[in-house]
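In case you want the letters, here they are:
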Amino acid sequence: MLAPAAEALGVRFAVLAETADSPAAQVIHDVVVGDYTDFATLKAFAETVDVLTFDHEHVPPEHLEALVAAGHAVRPGPQALIFAQDKILMRRRMDELGLPNPRWAEITSTADAEAFAAEVGYPFIAKTPRGGYDGKGVRVITDSAEVADWLSDVPVLLAEEKVDFTRELAVMVGRSPMGQTAVWPVVETWQQDGVCKEAIAPAPGLPEEKARAITEAVLTVAGALDVTGVMAMEMFETPEGFLINEFAMRPHNTGHWTQDGSVTSQFEQHLRAVLDLPLGSPEAREDVSVMVNILGAEHEDLYRPYLHVMAHDPAVKVHLYGKGVRPGRKVGHVNAYGSDRELVLARARHAADFIAGVDPNPHPEMPAPAGVPATAPARSGAADPDERA
Ligand code: ADP
């Protein structure tokens with residue numbers, strides 16, 4: 001999704017892809033297939049570009065350090081990226097910066113787990129410090145014995161109090177090497193089984209002072225860590241304020257709404273930031289933008305429902321990733337926007353779930369979107385599950 005932005009900016013864009021059929025390799029012609037965990041491969045790729053950046057956090061930090069030492073421009077740099085890679089280092093750094101953390105501890109034994117439970121009670125949350133994503137590597141602990149097995153695989157776990165949040169929020173910032181920053185509106189996010197399912201921009205009903213405190217916090221982090229590129233800060237909202245959950249230093253799922261709902265998409269901003277170009281406006285184009293993920297269900301062929309969705313609501317934007325469908329896998333997302341939040345949400349949910357095949361019945365009560373010509377006889381036959389066979 002960075003590729004169209006690179007093209008529009010007139011930037012040559014190359015990718016080191018894991019496999020020849022990976023989503024990025026399908027749409028970028030300048031592709032090297034190779035293993036990003038192999039230093040020689042990374043180094044050879046780095047020789048061919050001016051700036052290196054990432055679409056995930058899993059490049060080994062020691063390789064990034066070695067690339068920087070060899071004079072390559074790595075953005076974000078390893079000194080920043082490490083706080084998105086290692087959740088224990090991140091918690092420690094947030095404490096140092098005086099930013100709101102849940103209560104946490106490092107645990108290396110069941111005795112540590114018991115001591116932490118004595119402080120925060122059961123259940124608490126345990127996480128692998130490195131390598132987790134989409135809730136993998138996160139467990140709810142109801143008894144200290146549950147960490148024993150886990151600790152035989154990993155030397156240390158991050159324990160956190162189970163936050164009784166009212167909802168989850170996220171905010172994204174872009175920051176360039178010269179220190180220019182731009183923050184998008186705070187969004188509300190909803191996770192299903194640890195996987196982001198929806199984002200609503202701006203977060204409905206978020207008091208202005210909370211939005212301001214969140215914006216200040218994300219700017220503090222971006223500056224203190226010398227972040228370059230875009231960064232997402234995920235949070236738990238509580239009645240008193242907010243607590244930081246984690247960071248991603250790359251375009252992020254909670255920022256996909258910006259593709260259609262903001263003057264500058266997170267993908268364009270990431271490129272502008274890592275190239276030290278002046279940043280674009282993060283302003284919302286619409287009163288409300290909603291992103292709903294298309295999570296794979298049992299239907300592998302998304303083509304028929306995708307036709308239906310386009311015809312039914314010509315104003316929703318469908319983004320597909322060219323990935324094979326597996327249950328629960330993020331295979332695309334839908335963006336919808338407008339002024340009536342409930343209607344925008346209903347349209348985006350219907351489109352995403354219909355494409356996935358989760359909800360074979362179009363919402364019959366759903367009014368036609370405002371300003372959109374009623375073109376297709378979309379609802380007829382759409383309830384027929386054989387349509388997508
Ligand atoms: P990942 O890195 O896999 O995305 P997260 O740390 O974001 O993992 O956790 C995934 C989800 O688990 C969060 O979005 C949230 O819903 C829940 N979660 C994580 N930490 C806590 C916590 N301390 N208290 C309550 N819920 C949590």
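For the protein, an unreviewed UniProt entry supplies the name N5-carboxyaminoimidazole ribonucleotide synthase and the organism Brevibacterium casei S18. A UniProt comment under Subunit (unreviewed entry) is attached to the protein, and it reads "Homodimer."

(A) The arrangement of the site of the ligand in detail. Surveying the vicinity of the ligand reveals 18 residues, the closest of which are K87, K127, G135, E168 and E246. Within the side chain of E160, one N or O atom sits 2.9 Å away from a nitrogen atom of the ligand. Taking 550 Å² as the accessible area of the ligand by itself, protein coverage stands at 89%. Contributing elements (two or more residues each) for the shell around the ligand: strand 6 (124–127), strand 8 (157–161) and strand 14 (242–248). Class assignment of the residues belonging to the shell around the ligand gives a composition of six nonpolar, three polar and nine charged.

(B) A look at the nonpolar core. Ranked by internal contacts, the top residues of the largest apolar core, which has 41 residues, are V171, I214, M231, M233, F247 and M249. Within the residue set of this core, elements represented by two or more residues are helix 3 (39–46), helix 4 (61–69), helix 5 (78–85), helix 6 (87–97), strand 9 (167–175), helix 9 (208–224), strand 13 (229–237) and strand 14. The next biggest cluster of nonpolar side chains, apart from the first, holds 20 residues, and it includes V292, I294, V331 and I355.

(C) A look at the side chain of N253. Its place among the elements puts N253 in the loop between strand 14 and helix 10 (258–261). Of note is the side chain of N253, whose polar atom sits 2.7 Å from the side chain of N293. Apart from the residues within four sequence positions on either side, N253 is in contact with C196, M291, N293 and K330.

(D) Region of interest: the sheet that holds strand 8. Spatial strand order, 5-8-6-7: four strands in an open sheet with antiparallel pairing. Each end of this open sheet is capped by a strand with a single partner; those strands are strand 5 (104–107) and strand 7 (138–141). Averaged over neighbouring strand pairs, the angle between their axes works out to 30° when direction is ignored. Relative to strand 8, strand 6 runs antiparallel, the two sharing four bridges. Residue I125 lies in a different strand from strand 8, and its bridge partner there is E160.

(E) Looking closely at the UniProt feature "domain: ATP-grasp" (unreviewed entry) in the protein. Per the UniProt record, "domain: ATP-grasp" (unreviewed entry) is found at residues 91–275. Taken end to end, residues 91–275 is 31% helix and 31% strand, and its two terminal C-alpha atoms sit 29 Å from one another.

(F) Examining the pairing of strand 15 (residues 288–295) more closely. Here strand 15 lies mainly inside the structure; eight of its eight residues are buried. Side chains V288, V290, V292 and I294 of strand 15 all project onto a buried face; the interleaved residues S289, M291, N293 and L295 project onto the opposite face, where all are buried too. Bridging between strand 12 (residues 195–201) and strand 15 involves four bridges; their strand directions are antiparallel. Considered in strand 15, the bridge of A201 is made with S289. Judged from the eight bridges that link them, strand 15 and strand 17 (residues 330–338) form a sheet pairing that is antiparallel.

(G) Focus on a nonpolar patch on the surface. On the surface, a nonpolar cluster with roughly 190 Å² of combined accessible area is contributed by L9, L275 and L277. Looking at where L277 falls in the secondary structure, it is placed in the loop between helix 11 (266–274) and strand 15.

(H) Structural detail: the environment of K330. In this structure, K330 sits in strand 17. Exposure remark for K330: the relative accessible area of 17% places this residue in the buried category. In this structure, the C-alpha to C-alpha distance between K330 and N293, residues 37 residues apart in sequence, is 6.6 Å. Look past the residues within four positions of K330 in its chain and what remains in contact with it is D134, V195, C196, N253, N293, I294, L295, Y321 and K323.

(I) The arrangement of empty space enclosed by the protein in detail. In the structure shown here, the tally under the stated rule is one cavity of 30 Å³ or more. Approximately 30 Å³ is the volume found for the largest cavity. Taken together, A170, V171, M172, W184, P185, V187, T254, G255 and W257 make up the full set of residues lining the largest cavity. The element that contributes the greatest number of residues to the lining of the largest cavity is strand 9, accounting for three residues. Residue composition of the lining of the largest cavity, grouped by class: seven nonpolar, two polar and no charged.

(J) Region of the structure containing helix 8 (residues 145–153). Along helix 8, the residues that are buried comprise V147, W150 and L151. Taken down its axis, helix 8 places every buried residue within 105° of arc, on the same side. Exposed residues lying more than 90 degrees from the buried face of helix 8 are A145, D149, S152 and D153. Contacts made by the buried residues of helix 8 are with strand 5, helix 7 (110–120), strand 6, strand 7 and strand 8.

(K) Representation of the UniProt feature "binding site: ATP" (unreviewed entry) in the protein within the structure. Taken from the UniProt record, the annotation "binding site: ATP" (unreviewed entry) applies to K87, K127, E160, E161, K162, V163, E168, N245 and E246. As for its placement among the helices and strands, K87 is situated in helix 6. Each residue touching K87, except ones within four places of it in the same chain, is listed here: K127, T128, P129, L158 and E246. Position of E161 relative to the elements: it lies in strand 8. Each residue touching E161, except ones within four places of it in the same chain, is listed here: P102, R103, F116, V120 and I125. A polar contact of 2.6 Å, which involves the side chain of E161, links it to the backbone nitrogen of R103.

The rules behind the values
Residues numbered from 1 in each chain as written. Predicted model: local features only at pLDDT ≥ 70, side-chain atom pairs only at ≥ 80, totals over all residues. Heavy atoms only, no water. UniProt positions renumbered as here; feature names shortened; annotations may be inferred. Near = heavy atom within 4 Å. Polar contact = N/O pair within 3.5 Å; in protein donor to acceptor, adjacent residues only side chain to side chain. Areas by Shrake-Rupley, 256 points an atom, 1.4 Å probe, with all protein chains shown as cover. Helix = DSSP H or I, 4+ residues; strand = E, 2+ residues; numbered from the N terminus. Nonpolar A, V, L, I, M, F, W, Y, C, P; charged D, E, K, R; others polar. Core = buried A, V, L, I, M, F, W, Y, C linked by side-chain atoms within 4.5 Å. Buried < 20%, exposed > 50% of the residue type's maximum accessible area, 1.4 Å probe, protein only. Contact = heavy atoms within 4.5 Å. Pairing = 2+ DSSP bridges. Axes fitted to C-alpha atoms, helices over the stretch in contact; angles between N-to-C directions. Patch = residues over 30% accessible without salt bridge, like charges linked within 9 Å, V, L, I, M, F, W, Y side chains within 5 Å. Salt bridge = Lys/Arg side-chain N within 4 Å of Asp/Glu carboxyl O. 1 Å grid on protein atoms, 1.4 Å probe; cavity = no way out; pocket = protein on both sides within 12 Å on 5 of 7 lines; lining within 4 Å. Points joined across faces, edges and corners; volume = space filled by probe spheres on them. Arc of directions from axis to C-beta.

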